[in-house]
Amino acid sequence: MWKCEEEKRCKDVVWLVPVGKGVKMFEKNAAPLLHLAGIVVNIVKTEYEGQVKQLLTVLEKEHTDAIVVAGGDGTLLETVTGMMRKRNNQKFCQAVPVGVIPLGQQNRFATLLFGEDPNQVKFIMNASMAIIKSVIKPVDVLEIKAEDGKNTYAMSGLQLGVYNDAETRKTKYWYFGPLKSYWTYLRTAMKKWPPAVTLNVEYVPSSADLTIKKVVASSEKKQVKKWSLFNFLYKSKMPDLSYVEEYEIEDKDWIQEQMSTIELTVTSSTYQTDNLGASILDIGIGPALPEKSSVIKEGWSRAKHRRLKLGSQENNHLKAYKLKLSPEIEEGEELWYNVDGEAFEARPIEISIIKKQLQMFHPPESVISYI
């Protein structure tokens, strides 16, 4: 919990750190800075998938000042999903800010926040300083609705297709050592060609003239505490959390298409640099009949240079408010979504953006542009 002047005003900060190398990295590079700032660091070590979601079911905003995810994109995905699945999640998400300390193999969202830095120690220290300086800004959340009602909430985006499948398979070729990524794409070119996926797609284009309606979320208003770690004093503000804004969408607004592509990506407005004044999905669509050499070249490029954005510059793009996605999967085949670095079985889903739903610690000058 934070060290503060009035004991009765001290509450808990939950530090989520996956068991493994991350604990040592956190204790060596992040914890000393936090201790110097007067912050008491009580680590909650996560040992298995789903543990974070279970923990969040019992957390209440009255007893939680902040949640700090010291891990990778997968731990952040689980944390955000757990927060959004809570009853009265809007009040909890607005009252409890989230911090990110990059300790995973994939730190895509942390890279968005703090910029890409090959020096991991400096990367971790910059993230720790953002928490110490306590600059909090709202961010959008990508909502992925499934037919079984178990929705997932992401910060970065979704990807499926040949490049995602190749990255999933490359661990099978461990005996190639550092060349396993290159062999994976050569092996891909030897298989069934083209490696395209058939998708039934429905979307509401960004050009649609939609009306925004206010939906009642809560009948009560409560203070959300905003605080500074330097003086340990809370500053209060009174946001109106009694409603959320949603688009009124009619059947005529939807466009239906069937497409064949080797790659499809869906990213949230966190990745968008053009100020469109609304929460818009960016949908990247790869070619249907690429040359084998172009796929191998692109795959090798991705293996050599880690990219901040999903997809390729050559992909076509369309903007949409909402997207319904239903892949056609042949019998005996498997297809997987990659959501913030985590694999999910490809099933019919609906994707949209919840604007400024989550409060996050930022550096004073963030590289993210918000709509």
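Structure: above.
Residues numbered from 1 in each chain as written. Predicted model: local features only at pLDDT ≥ 70, side-chain atom pairs only at ≥ 80, totals over all residues. Heavy atoms only, no water.

Description of the overall build of the chain
Reasoning step 1: The helix and strand tally for the chain stands at 9 helices and 19 strands.
Reasoning step 2: By residue count, 51% of the 371 residues in the chain fall in the buried class.
Reasoning step 3: Residue pairs at least 24 apart in sequence account for 77% of intrachain contacts in the chain once pairs closer than 6 positions are excluded.
Reasoning step 4: On the chain, roughly 18,900 Å² of surface is accessible, and the fraction owed to carbon and sulfur atoms is 50%. (Helix = DSSP H or I, 4+ residues; strand = E, 2+ residues; numbered from the N terminus. Buried < 20%, exposed > 50% of the residue type's maximum accessible area, 1.4 Å probe, protein only. Contact = heavy atoms within 4.5 Å. Areas by Shrake-Rupley, 256 points an atom, 1.4 Å probe, with all protein chains shown as cover.)

Things to note about the nonpolar core
Reasoning step 1: Counting 52 residues, the largest nonpolar core has F26, L76, I101, M155, L358 and M360 as the members making the most contacts within it.
Reasoning step 2: Contacts of L358, omitting those with residues within four sequence positions, involve V80, M83, C93, V98, K137, P138, V139, V141 and M155.
Reasoning step 3: Ranked by size, the runner-up nonpolar core spans 27 residues in total, among them Y203, L281, I349 and I353. (Core = buried A, V, L, I, M, F, W, Y, C linked by side-chain atoms within 4.5 Å.)

Looking at unusual backbone geometry
Reasoning step 1: Put simply, W193 and P194 share a cis peptide bond, and its omega is 0 degrees.
Reasoning step 2: Among the structural elements, P194 can be located in the loop between helix 8 (180-190) and strand 8 (197-205).
Reasoning step 3: At K356, a residue that is not glycine, the phi angle is positive and equals roughly 50 degrees.
Reasoning step 4: Relative to the helices and strands, K356 resides in strand 19 (residues 349-362).

Focus: the environment of I136
Reasoning step 1: Mapped onto the elements of the fold, I136 is located in strand 5 (residues 135-146).
Reasoning step 2: Judged by relative accessible area, I136 falls into the buried class, the value being 19%.
Reasoning step 3: A sequence separation of 37 residues divides I136 from G99, and the C-alpha atoms of the two residues are 9.2 Å apart.
Reasoning step 4: Excluding residues within four positions of it along the chain, I136 makes contact with P97, Q359, M360 and F361.

Regarding a nonpolar patch on the surface
Reasoning step 1: On the surface, a cluster of nonpolar side chains totalling about 500 Å² of accessible area is made up of W174, Y175, F176 and L179.
Reasoning step 2: With respect to the helices, strands and loops of the structure, Y175 is situated in the loop between helix 7 (162-169) and helix 8.
Reasoning step 3: By relative accessible area, Y175 is classed as exposed at 51%. (Patch = residues over 30% accessible without salt bridge, like charges linked within 9 Å, V, L, I, M, F, W, Y side chains within 5 Å. Salt bridge = Lys/Arg side-chain N within 4 Å of Asp/Glu carboxyl O.)

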